[in-house]
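One-letter residues, chain by chain:
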Amino acid sequence: FMKIDKNIFSSIIAGALGSFVVILVLVILATNFRSQIYKYFASDYVESVGDENGKNIVIDSVLSQESFVVSTVKKATPAVVSVVVTKEIPKYETFFEQSPFGNFFNIPDIFFNTPQQRQNGTEKKEIGGGTGFFVTNDGMIVTNKHVVDDENAEYSILDNNGKSYKAKVLARDSVLDIAILKVEGRDFEYLELGDSDDILVGQSVIAIGNALAEFQNSVSVGVISGLARSITAGDSFGKSELLEHVIQTDAAINPGNSGGPLLDLRGKVIGVNVAVAQGSENIGFSLP
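Residues numbered from 1 in each chain as written. Predicted model: local features only at pLDDT ≥ 70, side-chain atom pairs only at ≥ 80, totals over all residues. Heavy atoms only, no water.

Draft legend 1. The arrangement of the overall build of the chain in detail. What the chain contains, in helices and strands, is four helices and twelve strands. With 288 residues in all, the chain has 34% of them scored as buried. The contacts in the chain between residues at least 6 apart in sequence include a share of 63% that link residues at least 24 apart. Only carbon and sulfur atoms are counted for the fraction: they give 55% of the accessible area of the chain, which is about 18000 Å². (Helix = DSSP H or I, 4+ residues; strand = E, 2+ residues; numbered from the N terminus. Buried < 20%, exposed > 50% of the residue type's maximum accessible area, 1.4 Å probe, protein only. Contact = heavy atoms within 4.5 Å. Areas by Shrake-Rupley, 256 points an atom, 1.4 Å probe, with all protein chains shown as cover.)

Draft legend 2. Just the pairing of strand β4 (residues 154-158), in detail. With four bridges connecting them, β4 and strand β5 (residues 164-172) associate as antiparallel partners. The residue of β5 that forms the bridge with Tyr155 is Ala167. Counted between consecutive antiparallel strands, the loop separating β4 from β5 contains five residues, among which Gly162 sits at a positive phi close to 85°. (Pairing = 2+ DSSP bridges.)

Draft legend 3. Spotlight on the confidence of the model for the chain. Taken as a whole, the chain shows an average pLDDT of 79; of its residues, 73% reach a score of 70 or greater. Segment residues 45-50: pLDDT under 50, and eight contacts once partners within four positions in sequence are set aside and those in other chains are kept. (pLDDT = per-residue confidence, 0-100.)

Draft legend 4. Just the packing of aromatic side chains, in detail. Within the structure shown, the criterion is met by two aromatic pairs. Between the aromatic rings of Phe134 and Phe188, the centroid separation amounts to 4.5 Å while the plane-to-plane angle is 10°, which identifies the pairing as stacked. One end of the pair, Phe134, is in strand β2 (residues 114-134); the other, Phe188, is in the loop between β6 (179-182) and β7 (204-211), and 54 residues separate them in sequence. Judged on exposure class, the residue Phe134 and its partner Phe188 are both buried. Consider the rings of Tyr165 and Phe188, whose centres lie 5.5 Å apart with planes at 80°: the pair is edge-to-face. Remark: Phe188 occurs in the loop between β6 and β7 and Tyr165 occurs in strand β5; sequence separation between them is 23 residues. Of the residues examined, Phe188 reaches a relative accessible area of 12% and is grouped as buried. (Phe/Tyr/Trp six-rings, centres within 6.5 Å; stacked < 30°, edge-to-face > 60°.)

Draft legend 5. Molecular detail of the pairing of strand β11 (residues 269-276). The element β11 is largely enclosed, with a buried count of seven among its eight residues. The pairing of strand β10 (residues 261-263) with β11 spans three bridges and is classified as antiparallel. When the sheet's bridge partners are listed, Pro261 is paired in β11 with Val272. Note that β11 and strand β12 (residues 284-287) share four bridges and pair antiparallel. Residue pairing for β12: Ala275 is matched across the bridge by Phe285.

Draft legend 6. Up close: the environment of Ser258. Relative to the helices and strands, Ser258 is located in the loop between β9 (240-249) and β10. For the pair formed by Ser258 and Val147, sequence separation is 111 residues and the distance between their alpha carbons is 7.1 Å. If sequence neighbours within four positions are ignored, Ser258 has contacts with Gly130, Thr131, Thr143, Asn144, His146, Val147, Asn273 and Val274. One polar contact links Ser258 to His146, side chain to side chain, over a distance of 3.1 Å. (Polar contact = N/O pair within 3.5 Å; in protein donor to acceptor, adjacent residues only side chain to side chain.)

Draft legend 7. The arrangement of a nonpolar patch on the surface in detail. A cluster of nonpolar side chains, namely Phe20, Val21, Leu24 and Val25, defines an oily patch on the protein surface of about 370 Å² accessible area. Along the chain, the position of Leu24 falls in helix α1 (residues 6-32). A relative accessible area of 43% places Leu24 in the partly exposed class. (Patch = residues over 30% accessible without salt bridge, like charges linked within 9 Å, V, L, I, M, F, W, Y side chains within 5 Å. Salt bridge = Lys/Arg side-chain N within 4 Å of Asp/Glu carboxyl O.)

Draft legend 8. Layout of the nonpolar core. Counting residues in each nonpolar core, the largest one holds 22 residues, and the members touching the most others are Leu191, Ile206, Leu243 and Leu263. Looking at which element gives the most residues to this core, the answer is β11, with four residues. Setting aside chain neighbours within four positions, we find Leu243 in contact with Asp177, Arg229, Ser230, Ile231, Ala233, Val274 and Leu287. (Core = buried A, V, L, I, M, F, W, Y, C linked by side-chain atoms within 4.5 Å.)

Draft legend 9. Expanded view of the environment of Val169. Relative to the elements of secondary structure, Val169 occurs in strand β5. The residues touching Val169, leaving out its near neighbours within four places in the chain, are Val148, Tyr155, Ile180 and Leu181.

Draft legend 10. Broad picture of unusual backbone geometry. The phi dihedral of Asn217 is positive, around 50°, even though this residue is not glycine. Here Asn217 shows up in strand β8 (residues 215-234). Not every positive phi belongs to a glycine, and His245 is a case in point at roughly 60°. By secondary structure assignment, the location of His245 is in strand β9.

Here it is in structure tokens:
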């Protein structure tokens, strides 16, 4: 049998343990700092994209779109609100007008008398809804003008925690479909405005809104499908307006999403969701 030198054996064991520790440390570092490591090695690879903004978009999208979406939605949702429209509307009741011939056979009035309707006061009812988002911590909210265009209605907002605030309309833009609301309070979570001039076709985006005025803070994800579109948008009341230079996206935008934010993956607002093409699949539009 060959004899093994104890010193050599100890050196081999120590070297193996040392290598294991080094590998373990590298694995931990790679796990915790994979974003930075990827960006360092990927920066040369995406050099052909162009400016710094373009490179960052490519790196962020390839790195992990899902993690960016989840993080952005978590950050943005508290600042997105549902706009509730209420109004005093006539309340009607049905009555039977007395027949001029009378009822000689004790047959119920419904067979001889003519049913009529008459107003019996008014009642406050919810007649519509939309979406908005805080842009300041003291209660300034951006939404669409068509969401709050009835000057005889009352408006309130419902935050992500279900708390309701009475809202005052400060301004309605007569050209762009934009309105500003104000609620009383402080320290509201709010969204930062991005620059829509920097967005690119194919860039990932997130839409958040009160879909169908029923499903609060619904999230949809898509891409920028086109830029500088011109559309004529209308509502169910026959009103229409020409909107120019709008952003086209395939992120699902439904009735009730109007006034909600279109976000980039950094959580900045690059558009205000305004319309959807009827009879189409995934053709929505946002104001830049």
